[in-house]
Amino acid sequence: MRAIFLNNMIVSMSMDDELLARFDDALKTKGYSTRSEAMRDLVRTFISDCDWEGEEGDSIAVITLLYGKEVKKPELMRIQHRYREISTMLHTHIDPINCLEVYVIKASSDRIKELLKEFRGLQGVKVVKFVKSACEV
Ligand code: NI
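Note that this is a predicted model, so its numbers are computed, not measured.

Caption draft 1: Spotlight on the pattern of salt bridges. Per the counting criterion, the structure on display carries six salt bridges. A salt bridge links Asp-41 to Arg-44; the nearest nitrogen and oxygen atoms lie 3.9 Å apart. Taken as a pair, Asp-41 and Arg-44 lie in helix H2 (residues 35–50) at a separation of three residues, close to a single helical turn. The exposure class assigned to Asp-41 is partly exposed, which follows from its relative accessible area of 29%. Judged by its relative accessible area of 51%, Arg-44 is exposed. For Glu-75, the salt bridge goes to Arg-78, with nearest N and O atoms at 2.8 Å. Taken as a pair, Glu-75 and Arg-78 lie in helix H3 (residues 73–82) at a separation of three residues, close to a single helical turn. By relative accessible area, Arg-78 is classed as partly exposed at 48%. Among the charged side chains, a network of salt bridges with common partners joins Glu-85, Arg-111 and Glu-114.

Laid out in C-alpha cells, this is it:
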C-alpha cells in the first residue's frame, strides 16, 4: 500500500528537454527511483547550504568552478583579487571549451557566501560547488 501524505504539495516546474533527459539519466545513475525523490534531495541540500549562517570564526571551503569560454576573464580575475582570503587556486582545461578551477578559501562564512554568490552570478559559469568545514575541529 502506498502512503498518502496529505500535506505534500505538488510543484510543477519548467525545464528544457535536454536538461530533463540528463536529469533522468543522472537520477538513475544515482539510484533514485523517481524524479520527486531526487528533487527532494536536491532541495534539502540547497536549503542546508543556505542555512550555513552564524558560524563563529573562520571556515575553510573548497570551491569548484566550471565555466565555458564565454566567461569574462577580467571580471573573474577582479573577483579573485578581491578575495585575498583565497589561499590556493588551481586551473585546469577540461576540454577545448570548458575550464575547471578549484579554490581553497579560509574566511568567515559570510565572506565565503559572498564569493559563491559572485561566482554564481558570473556569465559563463556553469557549475559552482563547494565543501565547507569549520576551522576549529
Ligand atoms: Ni582553461
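Caption draft 2: Region of interest: a nonpolar patch on the surface. Nonpolar side chains collect at one region of the surface, where Val-43, Phe-46 and Ile-47 lie side by side and expose about 290 Å² of accessible area between them. Within the secondary structure layout, Val-43 lies in helix H2. Assessed through its relative accessible area of 40%, Val-43 is described here as partly exposed.

Caption draft 3: A look at helix H1 (residues 17–29). Spanning 13 residues, H1 covers 18 Å between terminal C-alpha atoms, matching the ideal 18 Å at 1.5 Å per step. Here H1 has its buried residues at Phe-23, Asp-24 and Leu-27. Relative to the axis of H1, the buried residues are bounded by an arc of 100° and lie together on one face. Exposed side chains of H1 directed beyond 90 degrees from the buried face belong to Glu-18, Arg-22 and Thr-29. Regarding H1, its N-cap is Asp-16, as a side-chain oxygen of that residue lies 3.2 Å from the backbone nitrogen of Glu-18 further along. Of the residues flanking the end of H1, it is Gly-31, one or two places downstream, whose phi is positive at about 90°.

Caption draft 4: Region of the structure containing the coordination of the nickel ion. The protein atoms donating to the nickel ion are His-91 (NE2), His-93 (ND1) and Cys-99 (SG), with metal-donor distances spanning 1.9 to 2.2 Å. For the nickel ion, all donor residues lie on one chain, and their spacing in sequence is H-x1-H-x5-C. Accessibility expressed as a relative area gives 12% for Cys-99, which makes it buried.

Caption draft 5: Region of the structure containing H3. Along H3, the residues classified as buried are Leu-76, Ile-79 and Gln-80. The arc that holds every buried residue of H3, seen down its axis, measures 100°, which confines them to one face. Facing away from the buried surface of H3 by more than 90 degrees, the exposed residues are Pro-74 and His-81. Residues of H3 that are buried make contact with strand S1 (58–67), strand S2 (86–93), strand S3 (99–108) and helix H4 (109–121).

Caption draft 6: Layout of the nonpolar core. Counting 21 residues, the largest nonpolar core has Ile-63, Leu-65, Ile-105, Leu-115 and Phe-119 as its most contacted members. Mapped onto this core, the elements with two or more residues apiece are S1, H3, S3, H4 and strand S4 (125–134). Filtering out sequence-adjacent residues up to four positions away, Phe-119 remains in contact with Ile-63, Leu-65, Leu-76, Ile-79, Tyr-103, Val-125 and Val-128.

The rules behind the values
Residues numbered from 1 in each chain as written. Predicted model: local features only at pLDDT ≥ 70, side-chain atom pairs only at ≥ 80, totals over all residues. Heavy atoms only, no water. Salt bridge = Lys/Arg side-chain N within 4 Å of Asp/Glu carboxyl O. Helix = DSSP H or I, 4+ residues; strand = E, 2+ residues; numbered from the N terminus. Buried < 20%, exposed > 50% of the residue type's maximum accessible area, 1.4 Å probe, protein only. Patch = residues over 30% accessible without salt bridge, like charges linked within 9 Å, V, L, I, M, F, W, Y side chains within 5 Å. Areas by Shrake-Rupley, 256 points an atom, 1.4 Å probe, with all protein chains shown as cover. Expected span 1.5 Å × (residues − 1). Arc of directions from axis to C-beta. Polar contact = N/O pair within 3.5 Å; in protein donor to acceptor, adjacent residues only side chain to side chain. Donors = N, O, S within 2.8 Å, 3.2 Å for Na, K, Ca; no water. Contact = heavy atoms within 4.5 Å. Core = buried A, V, L, I, M, F, W, Y, C linked by side-chain atoms within 4.5 Å.

Keep in mind that these numbers describe shape and distance, not what the molecule does.
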